[in-house]
Amino acid sequence: MNSLSLLRSSSRVLLGSFRNAGAESIIAPQVVSRRHKGYYKSSVEGPAEQYTEVEKSYVEWKFVEKLLPPKLVPETPSDPGVVYPSGWKTPNPEEYSKLPYYIRRTKNGMLPVYYRSFNRGMFQTTRVRYVEGNVWILEKELGQYLKKNFPKQPIITHANEVGRYVQVRGDHEPMIKQWLLDKGF
Amino acid sequence: MFTLITFSKFGNACMCTSKFIKSLSTTTNKLSELELNLTERNVSNEVAVMERGPLPIITGRQLPFVPDRRLVRQAWVDNLDTIEEKKLGLVDLHPDIFGAFPRIDILHDNIRWQKLYRYINWKHLPNRMERQGGGRKPWPQKGLGKARHGSIRSPIWYHGGKAHGPRGPETNFYMLPFYQRVMGLTTTLSMKFAQDDLKIVDTLDIPTDDPSYLQDLAAKRHWGVSVLYIDDSDLMPKNIALATDSVGHHNLMPVYGLNCHSMLKHETLVLTLAAVNKIEDKLLYWLHTNDPLTPAKKYTGQHTQGMQ
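All values derive from a computational prediction rather than experimental measurement.

## Notes on the overall build of chain B
Reasoning step 1: For chain B, the count of helices and strands is 10 helices and 8 strands.
Reasoning step 2: Put simply, chain B has 308 residues, and 30% of those count as buried.

This is the structure we're talking about:
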(Lines give C-alpha, C1' and ligand atoms only; values in the text may rest on other atoms or scores of the structure.)
Protein backbone atom coordinates (compact mmCIF):
# COMPACT_ATOMS: atom_id res chain seq x y z
CA MET A 1 0.00 0.00 0.00
CA ASN A 2 2.77 2.30 0.91
CA SER A 3 4.69 1.81 -2.29
CA LEU A 4 1.57 2.40 -4.33
CA SER A 5 0.78 5.68 -2.61
CA LEU A 6 4.40 6.76 -3.04
CA LEU A 7 4.20 6.07 -6.72
CA ARG A 8 1.03 8.08 -7.04
CA SER A 9 2.42 11.06 -5.20
CA SER A 10 5.58 11.09 -7.29
CA SER A 11 3.62 11.02 -10.52
CA ARG A 12 1.53 13.89 -9.29
CA VAL A 13 4.62 15.97 -8.63
CA LEU A 14 5.98 15.22 -12.05
CA LEU A 15 2.76 16.16 -13.73
CA GLY A 16 2.59 19.44 -11.86
CA SER A 17 6.15 20.41 -12.70
CA PHE A 18 5.57 19.68 -16.34
CA ARG A 19 2.54 21.90 -16.45
CA ASN A 20 4.29 24.79 -14.79
CA ALA A 21 7.50 24.47 -16.77
CA GLY A 22 6.74 27.42 -19.08
CA ALA A 23 5.70 29.83 -16.34
CA GLU A 24 8.02 29.49 -13.40
CA SER A 25 7.27 32.91 -11.94
CA ILE A 26 3.60 32.16 -11.47
CA ILE A 27 3.09 30.33 -8.23
CA ALA A 28 -0.08 28.42 -8.68
CA PRO A 29 -1.53 26.01 -6.14
CA GLN A 30 -1.19 22.49 -7.42
CA VAL A 31 -4.69 21.17 -7.69
CA VAL A 32 -4.68 17.45 -8.12
CA SER A 33 -7.93 15.84 -9.01
CA ARG A 34 -8.72 12.76 -6.96
CA ARG A 35 -11.07 10.52 -8.72
CA HIS A 36 -11.69 7.29 -6.87
CA LYS A 37 -13.45 5.72 -9.72
CA GLY A 38 -11.40 2.94 -11.21
CA TYR A 39 -9.91 -0.01 -9.44
CA TYR A 40 -6.31 1.11 -9.87
CA LYS A 41 -7.00 4.78 -9.13
CA SER A 42 -8.90 4.15 -5.95
CA SER A 43 -7.14 4.06 -2.62
CA VAL A 44 -6.33 0.58 -1.50
CA GLU A 45 -7.50 0.74 2.06
CA GLY A 46 -9.34 3.15 4.26
CA PRO A 47 -8.74 3.98 7.89
CA ALA A 48 -8.93 1.11 10.35
CA GLU A 49 -12.05 2.47 12.07
CA GLN A 50 -13.97 1.96 8.86
CA TYR A 51 -13.86 -1.82 9.04
CA THR A 52 -15.24 -4.42 11.38
CA GLU A 53 -13.58 -7.64 12.37
CA VAL A 54 -13.95 -10.72 10.18
CA GLU A 55 -15.37 -13.95 11.51
CA LYS A 56 -15.53 -17.27 9.68
CA SER A 57 -18.90 -18.95 9.79
CA TYR A 58 -20.18 -22.01 7.99
CA VAL A 59 -23.66 -21.92 9.46
CA GLU A 60 -25.16 -19.81 6.73
CA TRP A 61 -23.49 -21.74 3.93
CA LYS A 62 -26.71 -23.72 3.37
CA PHE A 63 -28.39 -20.55 2.20
CA VAL A 64 -25.61 -19.98 -0.32
CA GLU A 65 -25.97 -23.53 -1.51
CA LYS A 66 -29.60 -22.86 -2.34
CA LEU A 67 -28.46 -20.18 -4.78
CA LEU A 68 -25.87 -22.33 -6.53
CA PRO A 69 -27.18 -24.02 -9.67
CA PRO A 70 -27.32 -27.83 -9.50
CA LYS A 71 -24.63 -29.66 -11.43
CA LEU A 72 -27.10 -32.07 -12.98
CA VAL A 73 -30.48 -31.34 -14.47
CA PRO A 74 -32.96 -32.89 -12.03
CA GLU A 75 -35.14 -35.70 -13.24
CA THR A 76 -38.46 -34.62 -14.69
CA PRO A 77 -41.61 -35.37 -12.65
CA SER A 78 -43.07 -38.73 -13.49
CA ASP A 79 -46.79 -38.02 -12.94
CA PRO A 80 -48.37 -38.93 -16.26
CA GLY A 81 -50.23 -36.31 -18.25
CA VAL A 82 -50.15 -33.48 -15.70
CA VAL A 83 -50.28 -29.93 -17.02
CA TYR A 84 -48.27 -27.54 -14.89
CA PRO A 85 -49.17 -23.83 -14.45
CA SER A 86 -46.44 -22.91 -16.91
CA GLY A 87 -48.15 -24.96 -19.58
CA TRP A 88 -45.56 -27.70 -19.47
CA LYS A 89 -47.09 -31.13 -19.70
CA THR A 90 -45.60 -34.40 -18.54
CA PRO A 91 -45.63 -37.32 -20.96
CA ASN A 92 -48.40 -39.85 -20.59
CA PRO A 93 -47.35 -43.48 -21.14
CA GLU A 94 -50.97 -44.66 -21.23
CA GLU A 95 -51.56 -42.70 -24.42
CA TYR A 96 -48.35 -43.34 -26.33
CA SER A 97 -47.66 -46.92 -25.26
CA LYS A 98 -49.87 -48.31 -28.03
CA LEU A 99 -47.98 -46.48 -30.77
CA PRO A 100 -45.20 -48.23 -32.70
CA TYR A 101 -42.84 -45.32 -32.18
CA TYR A 102 -41.64 -43.36 -29.20
CA ILE A 103 -40.14 -39.91 -28.91
CA ARG A 104 -38.09 -39.38 -25.81
CA ARG A 105 -38.02 -35.99 -24.11
CA THR A 106 -34.68 -34.26 -23.84
CA LYS A 107 -32.90 -34.05 -20.49
CA ASN A 108 -34.61 -30.66 -19.97
CA GLY A 109 -38.03 -32.24 -20.40
CA MET A 110 -38.74 -30.65 -23.77
CA LEU A 111 -39.87 -32.27 -27.00
CA PRO A 112 -36.98 -32.74 -29.42
CA VAL A 113 -38.54 -30.84 -32.32
CA TYR A 114 -36.10 -28.45 -33.94
CA TYR A 115 -36.64 -25.82 -36.64
CA ARG A 116 -33.72 -24.88 -38.82
CA SER A 117 -33.40 -22.40 -41.63
CA PHE A 118 -30.31 -22.32 -43.75
CA ASN A 119 -28.95 -20.72 -46.89
CA ARG A 120 -30.20 -17.31 -45.68
CA GLY A 121 -33.68 -18.58 -45.01
CA MET A 122 -33.93 -20.20 -48.41
CA PHE A 123 -34.58 -23.61 -46.92
CA GLN A 124 -36.56 -24.34 -43.80
CA THR A 125 -36.81 -27.69 -42.14
CA THR A 126 -38.36 -29.06 -38.98
CA ARG A 127 -36.81 -32.13 -37.50
CA VAL A 128 -38.16 -34.56 -34.90
CA ARG A 129 -35.18 -36.18 -33.24
CA TYR A 130 -34.58 -39.14 -30.90
CA VAL A 131 -37.27 -41.27 -32.48
CA GLU A 132 -37.31 -44.82 -31.22
CA GLY A 133 -39.23 -47.61 -32.83
CA ASN A 134 -40.66 -47.40 -36.32
CA VAL A 135 -39.49 -44.19 -37.97
CA TRP A 136 -41.38 -44.87 -41.20
CA ILE A 137 -44.82 -45.02 -39.59
CA LEU A 138 -44.13 -41.75 -37.78
CA GLU A 139 -43.07 -40.15 -41.04
CA LYS A 140 -46.24 -41.32 -42.77
CA GLU A 141 -48.61 -40.22 -39.99
CA LEU A 142 -46.88 -36.87 -39.59
CA GLY A 143 -47.09 -36.24 -43.33
CA GLN A 144 -50.80 -37.11 -43.41
CA TYR A 145 -51.52 -34.84 -40.46
CA LEU A 146 -49.70 -31.88 -41.99
CA LYS A 147 -51.28 -32.50 -45.39
CA LYS A 148 -54.72 -32.38 -43.77
CA ASN A 149 -53.93 -29.03 -42.17
CA PHE A 150 -52.10 -27.54 -45.15
CA PRO A 151 -53.82 -29.08 -48.21
CA LYS A 152 -52.36 -26.56 -50.65
CA GLN A 153 -48.78 -26.91 -49.46
CA PRO A 154 -46.45 -29.63 -50.64
CA ILE A 155 -45.47 -31.59 -47.52
CA ILE A 156 -42.11 -33.19 -48.13
CA THR A 157 -41.03 -35.59 -45.39
CA HIS A 158 -37.86 -37.53 -44.92
CA ALA A 159 -36.95 -40.23 -42.40
CA ASN A 160 -33.48 -41.31 -41.38
CA GLU A 161 -33.44 -44.54 -39.44
CA VAL A 162 -29.75 -44.46 -38.56
CA GLY A 163 -29.90 -40.82 -37.47
CA ARG A 164 -33.22 -41.48 -35.67
CA TYR A 165 -35.05 -38.46 -37.02
CA VAL A 166 -37.99 -37.46 -39.21
CA GLN A 167 -37.69 -34.24 -41.13
CA VAL A 168 -40.34 -32.08 -42.78
CA ARG A 169 -39.71 -29.17 -45.08
CA GLY A 170 -41.13 -25.91 -43.86
CA ASP A 171 -41.69 -24.26 -40.52
CA HIS A 172 -44.05 -26.63 -38.74
CA GLU A 173 -42.46 -26.66 -35.30
CA PRO A 174 -45.41 -25.54 -33.10
CA MET A 175 -47.84 -27.69 -35.08
CA ILE A 176 -45.72 -30.81 -34.75
CA LYS A 177 -45.11 -30.14 -31.06
CA GLN A 178 -48.81 -29.84 -30.38
CA TRP A 179 -49.48 -33.00 -32.38
CA LEU A 180 -46.90 -34.91 -30.34
CA LEU A 181 -48.25 -33.52 -27.08
CA ASP A 182 -51.74 -34.67 -28.06
CA LYS A 183 -50.32 -38.13 -28.65
CA GLY A 184 -49.03 -38.16 -25.10
CA PHE A 185 -45.29 -37.68 -25.68
CA MET B 1 -3.99 -37.90 -25.98
CA PHE B 2 -7.16 -36.37 -27.36
CA THR B 3 -8.98 -39.64 -27.58
CA LEU B 4 -9.90 -39.53 -23.97
CA ILE B 5 -12.42 -37.22 -22.47
CA THR B 6 -10.96 -35.73 -19.37
CA PHE B 7 -13.39 -35.73 -16.52
CA SER B 8 -10.95 -34.94 -13.79
CA LYS B 9 -12.47 -31.57 -13.00
CA PHE B 10 -15.85 -33.00 -12.16
CA GLY B 11 -14.71 -36.50 -11.30
CA ASN B 12 -16.93 -38.43 -8.96
CA ALA B 13 -19.78 -36.02 -9.37
CA CYS B 14 -22.83 -36.39 -7.30
CA MET B 15 -24.02 -39.64 -8.82
CA CYS B 16 -25.48 -42.04 -6.39
CA THR B 17 -24.13 -45.22 -7.98
CA SER B 18 -20.63 -44.94 -6.61
CA LYS B 19 -21.42 -45.92 -3.06
CA PHE B 20 -22.83 -49.27 -4.04
CA ILE B 21 -19.73 -50.85 -5.49
CA LYS B 22 -17.07 -48.59 -4.16
CA SER B 23 -15.79 -51.30 -1.89
CA LEU B 24 -14.84 -53.37 -4.92
CA SER B 25 -12.27 -50.91 -6.17
CA THR B 26 -9.01 -52.68 -6.76
CA THR B 27 -6.84 -49.78 -5.71
CA THR B 28 -6.36 -51.07 -2.19
CA ASN B 29 -5.12 -54.43 -3.48
CA LYS B 30 -2.69 -52.67 -5.78
CA LEU B 31 -1.29 -50.50 -3.04
CA SER B 32 -0.75 -53.45 -0.75
CA GLU B 33 0.99 -55.23 -3.62
CA LEU B 34 3.30 -52.31 -4.12
CA GLU B 35 4.22 -52.37 -0.47
CA LEU B 36 4.94 -56.08 -0.70
CA ASN B 37 7.07 -55.41 -3.74
CA LEU B 38 9.27 -53.03 -1.84
CA THR B 39 9.98 -55.50 0.92
CA GLU B 40 10.43 -58.76 -0.96
CA ARG B 41 11.04 -58.91 -4.69
CA ASN B 42 9.95 -62.45 -5.39
CA VAL B 43 8.54 -62.65 -8.89
CA SER B 44 7.71 -66.31 -9.10
CA ASN B 45 4.91 -68.48 -10.34
CA GLU B 46 3.48 -69.11 -6.93
CA VAL B 47 -0.26 -69.46 -7.04
CA ALA B 48 -1.66 -67.03 -4.55
CA VAL B 49 -4.90 -67.73 -2.74
CA MET B 50 -7.51 -65.13 -3.60
CA GLU B 51 -9.95 -63.99 -1.00
CA ARG B 52 -13.38 -62.84 -1.91
CA GLY B 53 -16.44 -61.82 0.03
CA PRO B 54 -19.69 -63.78 0.12
CA LEU B 55 -21.43 -64.45 -3.19
CA PRO B 56 -23.26 -63.10 -5.08
CA ILE B 57 -21.09 -60.02 -5.29
CA ILE B 58 -23.74 -57.70 -6.56
CA THR B 59 -27.42 -58.11 -7.20
CA GLY B 60 -28.73 -54.67 -7.97
CA ARG B 61 -27.83 -51.05 -8.23
CA GLN B 62 -29.78 -47.84 -8.08
CA LEU B 63 -29.39 -46.29 -11.49
CA PRO B 64 -30.22 -42.60 -11.94
CA PHE B 65 -31.91 -41.16 -15.04
CA VAL B 66 -33.35 -44.41 -16.34
CA PRO B 67 -35.67 -43.38 -19.18
CA ASP B 68 -39.14 -44.69 -19.83
CA ARG B 69 -39.49 -47.65 -22.18
CA ARG B 70 -35.91 -48.75 -21.60
CA LEU B 71 -34.94 -51.93 -19.84
CA VAL B 72 -32.07 -51.85 -17.44
CA ARG B 73 -29.43 -54.10 -18.98
CA GLN B 74 -28.00 -56.92 -16.94
CA ALA B 75 -24.67 -58.67 -17.20
CA TRP B 76 -22.90 -61.49 -15.41
CA VAL B 77 -19.97 -60.67 -13.19
CA ASP B 78 -17.21 -63.15 -14.00
CA ASN B 79 -13.95 -63.95 -12.31
CA LEU B 80 -10.37 -63.92 -13.57
CA ASP B 81 -8.69 -65.97 -10.85
CA THR B 82 -9.51 -69.32 -12.43
CA ILE B 83 -9.36 -70.36 -16.05
CA GLU B 84 -12.85 -71.83 -15.80
CA GLU B 85 -15.56 -69.22 -15.73
CA LYS B 86 -17.45 -68.66 -12.49
CA LYS B 87 -20.54 -66.50 -12.23
CA LEU B 88 -20.08 -64.26 -9.25
CA GLY B 89 -23.26 -62.25 -9.55
CA LEU B 90 -25.40 -60.03 -11.72
CA VAL B 91 -24.88 -56.36 -12.31
CA ASP B 92 -27.36 -53.80 -13.62
CA LEU B 93 -26.12 -51.59 -16.42
CA HIS B 94 -27.54 -48.25 -17.41
CA PRO B 95 -29.56 -48.43 -20.64
CA ASP B 96 -28.24 -45.09 -21.87
CA ILE B 97 -24.64 -46.24 -21.63
CA PHE B 98 -24.76 -49.95 -22.38
CA GLY B 99 -28.05 -50.10 -24.27
CA ALA B 100 -27.96 -46.98 -26.39
CA PHE B 101 -29.06 -46.83 -30.00
CA PRO B 102 -26.05 -47.71 -32.18
CA ARG B 103 -25.35 -44.53 -34.08
CA ILE B 104 -22.94 -46.08 -36.55
CA ASP B 105 -22.56 -42.76 -38.37
CA ILE B 106 -21.29 -41.14 -35.19
CA LEU B 107 -19.06 -44.15 -34.59
CA HIS B 108 -17.58 -43.72 -38.04
CA ASP B 109 -16.93 -40.05 -37.33
CA ASN B 110 -15.12 -41.01 -34.14
CA ILE B 111 -12.92 -43.61 -35.83
CA ARG B 112 -12.12 -41.27 -38.68
CA TRP B 113 -11.25 -38.50 -36.25
CA GLN B 114 -9.01 -40.76 -34.19
CA LYS B 115 -7.11 -41.77 -37.31
CA LEU B 116 -6.87 -38.30 -38.76
CA TYR B 117 -6.00 -36.02 -35.89
CA ARG B 118 -2.65 -37.69 -35.37
CA TYR B 119 -1.89 -38.10 -39.07
CA ILE B 120 0.65 -35.74 -40.58
CA ASN B 121 1.02 -35.66 -44.33
CA TRP B 122 4.75 -35.44 -44.94
CA LYS B 123 4.49 -35.35 -48.76
CA HIS B 124 6.55 -32.50 -50.10
CA LEU B 125 7.94 -31.68 -53.55
CA PRO B 126 10.20 -28.65 -54.09
CA ASN B 127 9.05 -25.87 -56.34
CA ARG B 128 11.33 -23.96 -58.73
CA MET B 129 12.56 -21.68 -55.98
CA GLU B 130 13.48 -24.56 -53.71
CA ARG B 131 15.50 -26.50 -56.34
CA GLN B 132 19.16 -25.78 -56.45
CA GLY B 133 20.49 -23.52 -59.21
CA GLY B 134 18.41 -22.15 -62.03
CA GLY B 135 19.27 -18.55 -61.42
CA ARG B 136 21.16 -18.11 -64.67
CA LYS B 137 19.53 -17.82 -68.04
CA PRO B 138 20.57 -21.07 -69.78
CA TRP B 139 21.10 -19.47 -73.21
CA PRO B 140 20.51 -16.08 -74.79
CA GLN B 141 16.97 -15.11 -75.61
CA LYS B 142 17.61 -14.63 -79.34
CA GLY B 143 19.91 -15.81 -82.08
CA LEU B 144 20.26 -19.52 -81.36
CA GLY B 145 17.05 -20.77 -82.95
CA LYS B 146 16.13 -22.47 -79.66
CA ALA B 147 13.14 -22.04 -77.41
CA ARG B 148 13.15 -19.17 -74.92
CA HIS B 149 14.06 -20.21 -71.37
CA GLY B 150 14.98 -18.29 -68.26
CA SER B 151 15.75 -21.04 -65.73
CA ILE B 152 16.69 -24.70 -65.85
CA ARG B 153 14.42 -25.28 -62.82
CA SER B 154 11.27 -24.13 -64.59
CA PRO B 155 8.40 -26.64 -64.14
CA ILE B 156 8.49 -27.58 -67.83
CA TRP B 157 12.11 -28.69 -67.57
CA TYR B 158 13.26 -32.19 -66.79
CA HIS B 159 14.58 -32.00 -63.19
CA GLY B 160 12.74 -28.75 -62.82
CA GLY B 161 10.66 -27.68 -59.84
CA LYS B 162 7.11 -28.92 -59.25
CA ALA B 163 4.48 -26.38 -60.13
CA HIS B 164 1.59 -27.36 -57.79
CA GLY B 165 3.06 -30.16 -55.77
CA PRO B 166 2.20 -31.28 -52.26
CA ARG B 167 3.39 -28.73 -49.74
CA GLY B 168 3.96 -30.84 -46.68
CA PRO B 169 4.10 -31.38 -43.80
CA GLU B 170 0.40 -30.77 -43.38
CA THR B 171 -1.56 -31.41 -40.22
CA ASN B 172 -4.93 -33.08 -40.29
CA PHE B 173 -5.75 -32.20 -36.72
CA TYR B 174 -9.30 -31.30 -35.90
CA MET B 175 -11.50 -31.74 -32.90
CA LEU B 176 -14.67 -33.78 -33.04
CA PRO B 177 -17.51 -32.06 -31.17
CA PHE B 178 -17.64 -33.10 -27.54
CA TYR B 179 -21.06 -34.73 -27.55
CA GLN B 180 -20.21 -36.74 -30.63
CA ARG B 181 -17.30 -38.14 -28.68
CA VAL B 182 -19.63 -38.98 -25.79
CA MET B 183 -22.09 -40.62 -28.17
CA GLY B 184 -19.25 -42.54 -29.80
CA LEU B 185 -18.36 -44.07 -26.44
CA THR B 186 -21.95 -45.00 -25.58
CA THR B 187 -22.50 -46.43 -29.05
CA THR B 188 -19.37 -48.56 -28.93
CA LEU B 189 -20.05 -49.82 -25.42
CA SER B 190 -23.63 -50.68 -26.39
CA MET B 191 -22.54 -52.48 -29.54
CA LYS B 192 -19.91 -54.46 -27.66
CA PHE B 193 -22.48 -55.41 -25.05
CA ALA B 194 -25.13 -56.35 -27.61
CA GLN B 195 -22.66 -58.58 -29.44
CA ASP B 196 -21.65 -60.29 -26.18
CA ASP B 197 -18.13 -58.97 -26.51
CA LEU B 198 -18.25 -57.06 -23.24
CA LYS B 199 -17.33 -58.99 -20.12
CA ILE B 200 -17.47 -57.73 -16.57
CA VAL B 201 -15.15 -59.07 -13.90
CA ASP B 202 -14.80 -58.28 -10.21
CA THR B 203 -11.12 -57.36 -10.24
CA LEU B 204 -8.10 -57.82 -12.49
CA ASP B 205 -6.30 -59.92 -9.87
CA ILE B 206 -4.94 -63.12 -11.37
CA PRO B 207 -3.00 -65.76 -9.45
CA THR B 208 0.08 -65.86 -11.68
CA ASP B 209 2.13 -63.56 -13.90
CA ASP B 210 2.51 -66.22 -16.62
CA PRO B 211 1.39 -64.80 -20.03
CA SER B 212 -0.01 -68.19 -21.07
CA TYR B 213 -2.55 -68.02 -18.23
CA LEU B 214 -4.51 -65.18 -19.82
CA GLN B 215 -4.26 -66.77 -23.26
CA ASP B 216 -5.58 -70.07 -21.92
CA LEU B 217 -8.35 -68.21 -20.13
CA ALA B 218 -9.34 -66.32 -23.27
CA ALA B 219 -9.27 -69.51 -25.33
CA LYS B 220 -11.33 -71.40 -22.76
CA ARG B 221 -13.97 -68.69 -22.57
CA HIS B 222 -14.04 -68.06 -26.35
CA TRP B 223 -12.95 -64.45 -25.96
CA GLY B 224 -11.07 -64.41 -29.23
CA VAL B 225 -7.49 -63.40 -29.82
CA SER B 226 -7.36 -59.83 -28.61
CA VAL B 227 -8.65 -58.69 -25.23
CA LEU B 228 -8.69 -55.21 -23.73
CA TYR B 229 -8.77 -55.05 -19.93
CA ILE B 230 -10.03 -51.83 -18.42
CA ASP B 231 -9.73 -50.80 -14.79
CA ASP B 232 -10.68 -47.63 -12.96
CA SER B 233 -7.15 -46.41 -12.32
CA ASP B 234 -3.84 -46.69 -14.13
CA LEU B 235 -2.24 -48.50 -11.24
CA MET B 236 -2.75 -52.09 -12.35
CA PRO B 237 -2.26 -55.27 -10.29
CA LYS B 238 1.24 -56.66 -10.62
CA ASN B 239 0.44 -60.10 -12.01
CA ILE B 240 -1.74 -58.95 -14.87
CA ALA B 241 0.69 -56.17 -15.70
CA LEU B 242 3.52 -58.69 -16.04
CA ALA B 243 1.33 -61.21 -17.86
CA THR B 244 0.17 -58.77 -20.51
CA ASP B 245 3.51 -57.04 -20.89
CA SER B 246 4.97 -59.44 -23.44
CA VAL B 247 1.70 -60.18 -25.27
CA GLY B 248 0.74 -57.63 -27.88
CA HIS B 249 -2.91 -58.59 -28.19
CA HIS B 250 -3.76 -58.50 -24.48
CA ASN B 251 -3.76 -54.91 -23.33
CA LEU B 252 -4.49 -52.96 -20.18
CA MET B 253 -6.10 -49.55 -20.14
CA PRO B 254 -7.40 -47.19 -17.46
CA VAL B 255 -10.87 -45.70 -17.76
CA TYR B 256 -9.53 -42.34 -18.83
CA GLY B 257 -7.98 -43.95 -21.90
CA LEU B 258 -11.23 -45.52 -23.10
CA ASN B 259 -11.79 -44.80 -26.78
CA CYS B 260 -13.74 -46.13 -29.74
CA HIS B 261 -10.75 -47.20 -31.80
CA SER B 262 -9.23 -49.42 -29.10
CA MET B 263 -12.58 -50.96 -28.28
CA LEU B 264 -13.11 -51.92 -31.91
CA LYS B 265 -9.52 -53.12 -32.29
CA HIS B 266 -9.93 -55.74 -29.57
CA GLU B 267 -12.34 -58.62 -29.93
CA THR B 268 -13.35 -58.63 -26.28
CA LEU B 269 -13.63 -55.80 -23.82
CA VAL B 270 -13.21 -56.68 -20.16
CA LEU B 271 -14.35 -54.13 -17.58
CA THR B 272 -13.94 -54.35 -13.86
CA LEU B 273 -16.88 -53.42 -11.66
CA ALA B 274 -15.07 -50.29 -10.56
CA ALA B 275 -14.48 -49.35 -14.21
CA VAL B 276 -18.18 -49.87 -15.00
CA ASN B 277 -19.06 -47.61 -12.13
CA LYS B 278 -16.69 -44.89 -13.22
CA ILE B 279 -17.66 -45.01 -16.89
CA GLU B 280 -21.35 -44.79 -16.02
CA ASP B 281 -20.77 -41.94 -13.60
CA LYS B 282 -18.83 -39.84 -16.05
CA LEU B 283 -20.91 -40.46 -19.16
CA LEU B 284 -24.16 -39.90 -17.28
CA TYR B 285 -22.74 -36.70 -15.87
CA TRP B 286 -22.11 -35.31 -19.34
CA LEU B 287 -25.46 -36.55 -20.63
CA HIS B 288 -27.33 -34.76 -17.83
CA THR B 289 -25.12 -31.85 -16.90
CA ASN B 290 -26.54 -28.43 -16.33
CA ASP B 291 -23.58 -26.84 -18.08
CA PRO B 292 -23.28 -28.64 -21.40
CA LEU B 293 -21.41 -25.99 -23.33
CA THR B 294 -18.23 -25.75 -21.26
CA PRO B 295 -16.71 -28.98 -22.58
CA ALA B 296 -18.07 -28.28 -26.02
CA LYS B 297 -16.10 -25.04 -26.18
CA LYS B 298 -12.97 -26.52 -24.73
CA TYR B 299 -11.00 -27.38 -27.83
CA THR B 300 -12.96 -25.80 -30.64
CA GLY B 301 -11.86 -22.42 -31.84
CA GLN B 302 -8.56 -21.93 -30.14
CA HIS B 303 -6.91 -24.82 -31.92
CA THR B 304 -8.45 -24.33 -35.31
CA GLN B 305 -8.02 -20.58 -35.56
CA GLY B 306 -4.34 -20.65 -36.35
CA MET B 307 -4.63 -23.33 -38.97
CA GLN B 308 -7.23 -21.88 -41.27
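## Some remarks on the overall build of chain A
Reasoning step 1: Of the regular secondary structure elements, chain A holds 5 helices and 6 strands.
Reasoning step 2: Counting helices and strands in the order they occur from the N terminus, chain A gives α-α-α-β-β-β-β-α-β-β-α.
Reasoning step 3: When the 185 residues of chain A are sorted by exposure, 11% land in the buried category.
Reasoning step 4: Relative to all contacts within chain A whose residues are 6 or more apart in sequence, the contacts with residues 24 or more apart total 59%.

## A word on the environment of H261 of chain B
Reasoning step 1: Its place among the elements puts H261 of chain B in helix α8 (residues 260–265).
Reasoning step 2: Considering only alpha carbons, one finds H261 of chain B and Q180 of chain B, 81 residues apart in sequence, at a separation of 14 Å.

## Examining unusual backbone geometry
Reasoning step 1: Each neighbour pair has its own omega, and for G168 of chain B with P169 of chain B the value is -5°, a cis peptide bond.
Reasoning step 2: Turning to its location among the elements, P169 of chain B is positioned in the loop between β3 (120–121) and β4 (170–171).
Reasoning step 3: Even without being glycine, N119 of chain A reaches a positive phi, approximately 55°.
Reasoning step 4: Mapped onto the elements of the fold, N119 of chain A is located in the loop between β2 (113–118) and β3 (123–128).
Reasoning step 5: N119 of chain A gets classed as exposed once you count the C-beta atoms within 10 Å, which come to 7.
Reasoning step 6: Even without a glycine there, the phi angle at H159 of chain B is positive, about 65°.
Reasoning step 7: For H159 of chain B, the location among the structural elements is in the loop between β3 and β4.

## Considering the pairing of strand β6 (residues 227–231) of chain B
Residues and elements named next belong to chain B.
Reasoning step 1: In terms of residue burial, β6 counts as a mostly covered element, since 5 of its 5 residues are buried.
Reasoning step 2: Burial along β6 is two-sided: the face carrying V227, Y229 and D231 and the face carrying L228 and I230 are both buried.
Reasoning step 3: Handedness of the crossover is the feature at issue here: the chain leaves β6, passes through helix α7 (residues 238–245), returns alongside strand β7 (residues 250–254), and the resulting connection is right-handed.
Reasoning step 4: By the bridge criterion, 4 bridges tie β6 to strand β8 (residues 268–272) in an arrangement that is parallel. Across the sheet, the residue bridging to L228 is L269, located in β8.

## Overview of the interface of chain B and chain A
Reasoning step 1: Between chain B and chain A, the residue contacts involve 14 residues of the former and 13 residues of the latter.
Reasoning step 2: Grouping the constituent residues of the side of chain B that touches chain A by class yields 8 nonpolar, 3 polar and 3 charged.

## Details of the sheet that holds strand β5 (residues 157–160) of chain A
All names here are of chain A.
Reasoning step 1: In space, the 4 strands of this open sheet follow the order β2-β3-β6-β5, with antiparallel pairing throughout. Two strands in the sheet have a free side with no partner beyond their single neighbour: β2 and β5. Between one strand axis and the next, the sheet turns through 20° on average, direction left out of account.
Reasoning step 2: Where β5 lies against strand β6 (residues 165–169), 4 bridges are found, and the strand directions are antiparallel.

## Topic: the sheet that holds β8 of chain B
All names here are of chain B.
Reasoning step 1: In space, the 6 strands of this open sheet follow the order β2-β1-β5-β8-β6-β7, with mixed pairing throughout. What marks the edges here is a single partner per strand, and that holds for β2 (89–93) and β7. Across the sheet, the mean angle from the axis of one strand to that of its neighbour is 35°, orientation sign disregarded.
Reasoning step 2: Here α7 sits on the sheet and contacts β6 and β7; the angle it forms with β7, its principal contact strand, is near 135°.

## Remarks on helix α6 (residues 211–220) of chain B
Residues and elements named next belong to chain B.
Reasoning step 1: Of the positions making up α6, those classed as buried are L214, L217 and A218. Angular distribution of buried residues about the axis of α6 spans 95°; they occupy a single face of the element. Relative to its buried face, α6 has exposed residues pointing more than 90 degrees away, namely S212, D216 and K220.
Reasoning step 2: Buried residues along α6 sit against β6, α7 and β7.
Reasoning step 3: Looking one or two residues past α6, H222 carries a phi angle of roughly 55°, positive in sign.

## Here we look at the nonpolar core
For soluble globular proteins, the rule of thumb is that nonpolar side chains tend to be buried together.
Reasoning step 1: Judged by nonpolar contacts, the single largest core of 47 residues is most densely connected at I97, L228, Y229, I230, V270 and L271 of chain B.
Reasoning step 2: For this core, the element with the highest residue contribution is helix α9 (residues 273–287) of chain B, accounting for 9 residues.
Reasoning step 3: Once residues within four sequence positions are removed from consideration, L228 of chain B is found in contact with N251, M253, S262, M263, H266, L269 and V270 of chain B.
Reasoning step 4: Core analysis: the next-biggest nonpolar cluster, separate from the first, contains 16 residues, L111, V135, L142 and L146 of chain A among them.

About the thresholds
- Residues numbered from 1 in each chain as written.
- Chains lettered and ligands numbered in written order.
- Predicted model: local features only at pLDDT ≥ 70, side-chain atom pairs only at ≥ 80, totals over all residues.
- Helix = DSSP H or I, 4+ residues; strand = E, 2+ residues; numbered from the N terminus.
- Buried ≥ 20, exposed ≤ 12 C-beta atoms within 10 Å, placed from the backbone.
- Contact = placed C-beta atoms within 7 Å.
- Right-handed = clockwise from strand over helix to strand, strands pointing away.
- Pairing = 2+ DSSP bridges.
- Nonpolar A, V, L, I, M, F, W, Y, C, P; charged D, E, K, R; others polar.
- Axes fitted to C-alpha atoms, helices over the stretch in contact; angles between N-to-C directions.
- Arc of directions from axis to C-beta.
- Core = buried A, V, L, I, M, F, W, Y, C linked by C-beta atoms within 7 Å.

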